[in-house]
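Here is what each chain is made of, one letter per residue.
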Amino acid sequence: MATVAASTPPFGDRIARSVPLARSPTALGGAFGSLWLTDDAGQLLRLDPASAEVLASVDLGVLGCGSIREAADSLWLSGCPDGDAVDSRITLIVDPDRTTVVSRLADGGGDGVGASAMRGLVWFVSDVAAGVLSGVDVNTRAKVAEVKVGFGARHVTAGFGSLWVAPIGRNEVLRIDPVDGRVIATVALSGDPSVLLTTADGIWVAEPHQWLLGRVDPATDRVVIELEAAPGVDQLVAAENGWIWSLGDDEALAVDPLVNRIADRFSVPPHAGPDGIARHVLAALDGDLWFADRTSLVEIGPVD
């Protein structure tokens, strides 16, 4: 299936609803029955997906600059104390019931994007340059485990009893034992990885520079498929119907893992920050897909 033409209007005829926003969004996520949006004023907003009404808000004290994810019973997001500077990125933990920041995890090195839960711990990249992974107890929110990869790592996901790491500058994904930090397997890719996503059928990986979207089979530790995606693909979202949505520079694209084929795609407007790095502004919630435009929150439909 061909890439959507650059002249195609954003979203085509897919807009089910468009809600004006008071401030420019910097990240969007769907979790705990709500939409969560950070804006350029350093606010985190909780929105009702049915009415788009703001249910609660909190001042983060930093700019939201990465993905917003549900991990265990908390919301995990990235904050940049120095604007969009990712080398100073920290990790924030939010209590979704109280819409309150309950922990700020910062060790001096810039954190990665995203968090993933497994066996009572939530894992995240606590130092991108040094390749340090930290495990946080889901109850106490204290760091209780640490794995040192030995080189730069930008993203981690947990699943199938292992940690899966996207190393910087290497065309591979590493499978790591969370107990002793041992590399269990090295999975070769066609391109360099960025975002990883755990699903029931494997580990999905975005390869932005090669415009690829791949899936790793944890039973064989091999890539079983790599599909041509969109230029700059650098965000992955699992939808309720099982499709894997990816967001590139100017296109959103879905893969149906049952047939390993592209199932849907549409063009999107520019969504990079002042530093040129794409913002994580695609979210799936309760069968709906959402995109945070620079001035509005857009509901896309239908998506299957």
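Please read these numbers as outputs of a predicted model, since none were measured by experiment.

Asks: Now, about the overall build of the protein: what can you tell me, with residues and values included?
Replies: Scanning the protein from N- to C-terminus turns up zero helices and 28 strands. Relative to the 2.2 N^0.38 estimate, which gives 19 Å for 304 residues, the radius of gyration of the protein is 18 Å and therefore close to what a compact globule would have. Along the longest, intermediate and shortest principal axes, the C-alpha atoms of the protein span 50 × 45 × 30 Å. Taking all 304 residues of the protein together, 58% fall into the buried category.

Asks: Quick rundown of the sheet that holds strand β2 (residues 25–31)? Include the residues and the values.
Replies: Read across the open sheet, the four strands follow the order β2-β3-β4-β5; overall the sheet is antiparallel. A strand with exactly one partner marks an edge of an open sheet, and here the two such strands are β2 and β5 (54–59). Each neighbouring strand pair of the sheet contributes to a mean axis angle of 20°, computed without reference to strand direction. As paired elements, β2 and strand β3 (residues 34–39) share six bridges and run antiparallel to each other. If you follow G29 over to β3, its bridge partner there is W36.

Asks: Go over the packing of aromatic side chains, please, and point to the residues and values.
Replies: Overall, the coordinates contain five aromatic pairs when judged by the stated rule. When the ring of F11 is compared with that of F266, the centres are 6.3 Å apart and the planes differ by 45°; the resulting orientation is tilted. A residue pair is termed long-range when its members are at least 10 positions apart, and F11 in the segment before β1 (15–20) and F266 in strand β25 (residues 261–267) qualify at 255 residues. Classification of F11 as buried rests on a relative accessible area of 3%. Here F11 and F291 contribute two aromatic rings whose centre-to-centre distance is 5.4 Å and whose plane-to-plane angle is 70°, an arrangement assigned as edge-to-face. With F11 in the segment before β1 and F291 in strand β27 (residues 288–292), this pair connects stretches of sequence that are 280 residues apart. Across this residue pair, the class does not change: F11 and F291 are buried. Through a chain of ring-to-ring contacts, the aromatic side chains of F11, W243, W245, F266 and F291 assemble into a single cluster. The ring centre of F151 lies 3.7 Å from the NZ or CZ of R170, which sits over that ring.

Asks: Report on the nonpolar core, specifying residues and quantitative values.
Replies: Counting 30 residues, the largest nonpolar core has L37, W245, F266 and L297 as its most contacted members. When contributions to this core are tallied by element, the ones reaching two or more residues are β3, β4 (43–47), β23 (244–247), β24 (251–256), β26 (282–285), β27 and β28 (296–300). Formed by 15 residues, the second largest nonpolar core is a distinct cluster that contains V128, V147, L174 and I176.

Asks: I'd love a proper account of the environment of F160, names of residues and values included.
Replies: Topologically, F160 is positioned in the loop between β14 (153–159) and β15 (162–167). With 63 residues separating them in the primary sequence, F160 and V223 have C-alpha atoms 15 Å apart. Those residues in contact with F160 that lie beyond four places of it in its chain are R175, T198, T199, A200, D201, G202, I203 and P218.

Asks: Explain the state of the cysteines to me, and be specific about the residues and the numbers.
Replies: All told, the structure shown has one disulfide when counted by the stated rule. Between C65 and C80 runs a disulfide, and the two sulfur atoms are separated by 2.1 Å. The disulfide joining C65 to C80 has a torsion of about 85° about its S-S bond and is therefore right-handed. On the criterion of sequence distance, the pair formed by C65 in strand β6 (residues 63–71) and C80 in strand β7 (residues 74–80) is long-range, its members being 15 residues apart. By relative accessible area, which is 15% here, C65 ends up buried.

Asks: Mind laying out the sheet that holds β14, listing which residues take part and the relevant values?
Replies: In spatial order, the strands read β14-β15-β16-β17; together these four strands make up an open sheet with antiparallel pairing. Each having just a single partner strand, β14 and β17 (183–188) make up the two edges of the open sheet. Within the sheet, the average angular offset between the axes of one strand and its neighbour, ignoring direction, is 20°. One ladder, built from five bridges, connects strand β16 (residues 172–176) with β17; its direction is antiparallel. Bridge pairing in β17 places V173 opposite V187.

Asks: I'd like to hear about the pairing of strand β13 (residues 143–148), residue by residue, with values.
Replies: Judged from the five bridges that link them, strand β12 (residues 132–137) and β13 form a sheet pairing that is antiparallel. Within β13, the position partnered with G135 by the bridge is A145. From the end of β12 to the start of β13, which pair antiparallel, there are five residues, and R141 there has a positive phi angle of about 60°.

Asks: Can you tell me about unusual backbone geometry, naming the residues and giving the values?
Replies: Residue R119 is not a glycine yet carries a positive backbone phi of 55°. Phi is positive for W211, which is not a glycine, with a value near 60°. Topologically, W211 is positioned in the loop between β19 (202–207) and β20 (212–217).

Criteria and cut-off values
- Residues numbered from 1 in each chain as written.
- Predicted model: local features only at pLDDT ≥ 70, side-chain atom pairs only at ≥ 80, totals over all residues.
- Heavy atoms only, no water.
- Helix = DSSP H or I, 4+ residues; strand = E, 2+ residues; numbered from the N terminus.
- Rg over C-alpha atoms; globule rule 2.2 N^0.38 Å.
- Buried < 20%, exposed > 50% of the residue type's maximum accessible area, 1.4 Å probe, protein only.
- Pairing = 2+ DSSP bridges.
- Axes fitted to C-alpha atoms, helices over the stretch in contact; angles between N-to-C directions.
- Phe/Tyr/Trp six-rings, centres within 6.5 Å; stacked < 30°, edge-to-face > 60°.
- Lys NZ or Arg CZ within 6 Å of the ring centre and 35° of its normal.
- Core = buried A, V, L, I, M, F, W, Y, C linked by side-chain atoms within 4.5 Å.
- Contact = heavy atoms within 4.5 Å.
- Disulfide = S-S within 2.5 Å.

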